[in-house]
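Structural overview for review
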Amino acid sequence: MRSLALASALAVAGMVHAEPTVTEKELPNRADSLPTVTASGNAFWAGSTRFYVRGIDYQPGGSSANLDPLADTTICKRDIKEFSNLKVNTVRVYSVDNSADHSECMNALKDAGIYLVLDVNNPQYSINRDKPAPSYNDVYLQSVFATIDEFAKYDNTLAFFSGNEVINDKPESVKAAPYVKATTRDMRQYIGSRGYRKIPVGYSAADVSQNRMETAHYFNCGTDDERSDFFAFNDYSWCSPSSFTESGWDQKVKNFTGYGLPIFLSEWGCTTNGRDFQELSALMSDQMSAVYSGGLMYEYSREGNGFGIVELSGKSDSVKEDSEFSKFASALSKYPAPTGDGGASKSTSSVACPTVNSIWDLDEWGPSNIPAIPDGAKKYMTDGAGKGPGLSGSGSQNAGGTSTGTATPGSGSVTATASNHNLSARPAPPMDMSVFVLTGIVSLFTLVGTLLL
């Protein structure tokens, strides 16, 4: 028995210290997979490594064109070469055709080590800030859910935006907040109910000082099913020449300290005095890393708005890099992502809903109530959304099938899933598994030593 036990122990030891094997031919890059990114504590994580958004906003043709650059391989592959030259790790796309296939462009992004942050809305299917109640309906949610269906399959889909600058500097626009928050809840519930991995869902806020903190608190208050996975905002307050303190970024870090969710800049890059992209000197430093998780520079292509670092000519292969292209690449190289966890918090927490007042006036909804999901959209949780309407659909803003009541707290929780996993609880912070590996090896050799006595 002792000889058998010793032989068994040595066999196990052989599994730890195996004989060298023949080196296999390296597979093409497409076979390599990027680690999926999760939101945990107040940071993003790629596996057990802290993830910082070091990216660029991408909408060739501009916002008015309403084009999908990820459905056209000629466009996306042309531009991915430029993204690789910059060495960005993330792009944001503002609208996509949810009836199209995106596998070739998404795989090309993956091969380049690039993640996608995606807005799920487009001009035809979105919340209307001027008339939010009728625009929050089952037709709209079918389009949103179809977009999730198309992009949840890709490991390099980093996050979804439920809205972009719906709340702006117009006082009446804050009344749209309950409908955007309801959409965020519905998206998170759909992701869980369909058995997808927990792709983070959040909101991209406008750079409006009067309601920025109220907006941030609103999307992180209430029951867990109603809270966002992260908060992002567009910030153009650092105008070169400037600094961490002169720009007021130091005060924003103080304001968001202890917020309890990951935060990043969904747009940055003031053009008032030209750009040297020194914002990265702070954004990628310990001045901000404990609170912020990077940001997306606005934007890739010049579209007549004074932004952009390249000039494009339709679908041609021609890309003219402007002087700011090399400046941005140099800044990214000079200011790498911080090492370690950057001081991130391991726990997430909600905040109190902002007080309703003359600035933050949510009408009949009060500080915390939000609309119930429209009855016609409930079936999508179990049946799926089906084929999306694309960018040429008839639109949803006055399609009917609206919400008819106030949501019960917790009604957006996932109670069952398509594959019986991925319930709605937020992911735990990543664990360092090396201690368990070391403990196992020590125990193994202790066993071997005992058997040899």
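Quick summary incoming for the structure in this document. Everything numeric in this text was worked out from a predicted model, so none of it was measured. (Residues numbered from 1 in each chain as written. Predicted model: local features only at pLDDT ≥ 70, side-chain atom pairs only at ≥ 80, totals over all residues. Heavy atoms only, no water.)

In this section: the side chain of Arg185. Mapped onto the elements, Arg185 comes out in helix H6 (residues 177–193). Of the residues examined, Arg185 reaches a relative accessible area of 2% and is grouped as buried. For Arg185, the side chain forms a polar contact with the side chain of Asp186, separated by 2.9 Å. Filtering out sequence-adjacent residues up to four positions away, Arg185 remains in contact with Tyr136, Asp225, Glu226, Ile370, Pro371, Ala372, Ile373, Ala407 and Gly412. (Helix = DSSP H or I, 4+ residues; strand = E, 2+ residues; numbered from the N terminus. Buried < 20%, exposed > 50% of the residue type's maximum accessible area, 1.4 Å probe, protein only. Polar contact = N/O pair within 3.5 Å; in protein donor to acceptor, adjacent residues only side chain to side chain. Contact = heavy atoms within 4.5 Å.)

This part is about the state of the cysteines. Summed over all chains, the structure comprises 3 disulfides. What pairs with Cys76 in a disulfide is Cys105, and their sulfur atoms sit 2.1 Å apart. The chirality of the disulfide connecting Cys76 with Cys105 is left-handed, given an S-S dihedral of about -90°. Note that Cys76 is positioned in helix H2 (residues 73–86) and Cys105 in helix H3 (residues 103–111), a separation of 29 residues in sequence. Take Cys76 and Cys105: they sit in the same class, and that class is buried. When the cysteines engaged in disulfides are numbered in sequence order, the chain pairs them as 1-2, 3-6, 4-5. (Disulfide = S-S within 2.5 Å.)

Next up on the list: helix H5 (residues 138–151). Each full turn of the α-helix corresponds to 3.6 residues, which orients residues three or four apart in the same direction. Taking 1.5 Å per residue, 14 residues should reach 20 Å; H5 reaches 20 Å between its end C-alpha atoms and fits that length. The buried fraction of H5 is high, at 12 of 14 residues. Contacts made by the buried residues of H5 are with H3, strand E6 (115–119), helix H4 (132–135), strand E7 (157–164), H6 and helix H11 (380–383). (Expected span 1.5 Å × (residues − 1).)

Now for the packing of H2 against H3. To describe two helices that pack against each other, one gives the angle between their axes and the distance between the axes. Across the interface, H2 lies against H3 with an axial gap of 10 Å and an inter-helix angle of 10°. As far as their axial angle goes, H3 and H2 are roughly parallel. Listed contacts from H3 to Thr73, Cys76, Lys77, Ile80 and Phe83 of H2 are Glu104, Cys105, Ala108 and Leu109. Here the residues of the contact of H2 with H3 are counted per class, giving 6 nonpolar, 1 polar and 2 charged. (Axes fitted to C-alpha atoms, helices over the stretch in contact; angles between N-to-C directions. Parallel < 35°, antiparallel > 145°, perpendicular 65-115°, else oblique. Nonpolar A, V, L, I, M, F, W, Y, C, P; charged D, E, K, R; others polar.)

This part is about the packing of H5 against H6. Across the interface, H5 lies against H6 with an axial gap of 11 Å and an inter-helix angle of 45°. By the criterion of interaxial angle, the relationship of H5 to H6 is oblique. The two elements H5 and H6 cross, and the hand of that crossing is right-handed. For the pair H5 and H6, contact is made by Tyr140, Leu141, Val144, Phe145, Ile148 and Asp149 and by Thr183, Asp186, Met187, Tyr190 and Ile191, respectively. The residue makeup of the contact of H5 with H6, split by class, is 8 nonpolar, 1 polar and 2 charged. (Left-handed = near helix turned anticlockwise from the far one by under 90°.)

This next bit is on the sheet that holds strand E1 (residues 37–40). Spatial strand order, E1-E2-E3: 3 strands in an open sheet with antiparallel pairing. Unpaired on one side and paired on the other, E1 and strand E3 (49–51) mark the two borders of the sheet. Direction aside, neighbouring strands of the sheet carry axes that sit 45° apart on average. When E1 meets strand E2 (residues 43–46), the two strands line up antiparallel, connected through 4 bridges. If you follow Ser40 over to E2, its bridge partner there is Ala43. (Pairing = 2+ DSSP bridges.)

With respect to the secondary-structure elements, Glu82 resides in helix H2. Here the alpha-carbon distance between Glu82 and Val319, two residues 237 residues apart in the chain, equals 8.6 Å. Apart from residues lying up to four places away in sequence, Glu82 is in contact with Tyr300, Val319, Glu321 and Phe325.

Attention now moves to the packing of aromatic side chains. Taken as a whole, this structure holds 30 aromatic pairs when the rule is applied. With 5.6 Å between their ring centres and 80° between their planes, Tyr58 and Tyr300 make a pair best called edge-to-face. Remark: Tyr300 occurs in the loop between strand E11 (292–297) and strand E12 (310–312) and Tyr58 occurs in strand E4 (residues 53–58); sequence separation between them is 242 residues. Here the two residues Tyr58 and Tyr300 agree in accessibility, since each one is buried. (Phe/Tyr/Trp six-rings, centres within 6.5 Å; stacked < 30°, edge-to-face > 60°.)

In terms of burial, strand E10 (residues 263–268) is largely enclosed, as 6 of its 6 residues are buried. Pairing of strand E9 (residues 230–235) with E10, which is carried by 5 bridges, proceeds in the parallel orientation. Bridging across to E10, Phe233 finds its partner in Leu265. Running through helix H8 (residues 249–256), the crossover from E9 to the neighbouring parallel element E10 is right-handed. In this structure, E10 lies alongside E11, joined through 3 bridges in parallel fashion. Bridge pairing in E11 links Trp268 to Met297. (Right-handed = clockwise from strand over helix to strand, strands pointing away.)

Moving on, we come to the pattern of salt bridges. For the structure on display, the rule yields 17 salt bridges. Asp79 serves as the salt-bridge partner of Arg78, at 2.9 Å between the closest nitrogen and oxygen. For the salt bridge of Asp207 with Arg212, the shortest nitrogen-to-oxygen distance reads 2.7 Å. Overall, Asp207 belongs to the partly exposed group, its relative accessible area being 28%. (Salt bridge = Lys/Arg side-chain N within 4 Å of Asp/Glu carboxyl O.)

Bringing the pairing of E2 into the picture now. Burial of E2 is two-sided: the residues Ala43 and Trp45 facing one way and the residues Phe44 and Ala46 facing the other way are all buried. The turn joining E1 and E2, which pair antiparallel and follow one another in sequence, is formed by 2 residues; a positive phi near 65° is taken by Gly41. The antiparallel hairpin formed by E2 and E3 contains 2 residues in its connecting segment, where Gly47 sits at a positive phi of about 70°.

To continue, consider the sheet that holds E7. The parallel closed barrel is built from 8 strands, whose spatial order is E4-E5-E6-E7-E8-E9-E10-E11. Each adjacent strand pair in this sheet contributes to an overall mean axis angle of 25°, direction not counted. Of the strands in this sheet, E4 and strand E5 (90–93) are in contact with H2, which crosses E4 at around 145°.

It is worth spelling out H8 at this point. Among the residues making up H8, those that are buried are Trp249, Lys252, Val253 and Phe256. Along H8, the residues classed as buried sweep out an arc of 105° about the axis, all on the same side. Tucked into the core, H8 has its buried residues touching helix H7 (212–218), E9, E10, helix H9 (279–283) and E11. (Arc of directions from axis to C-beta.)

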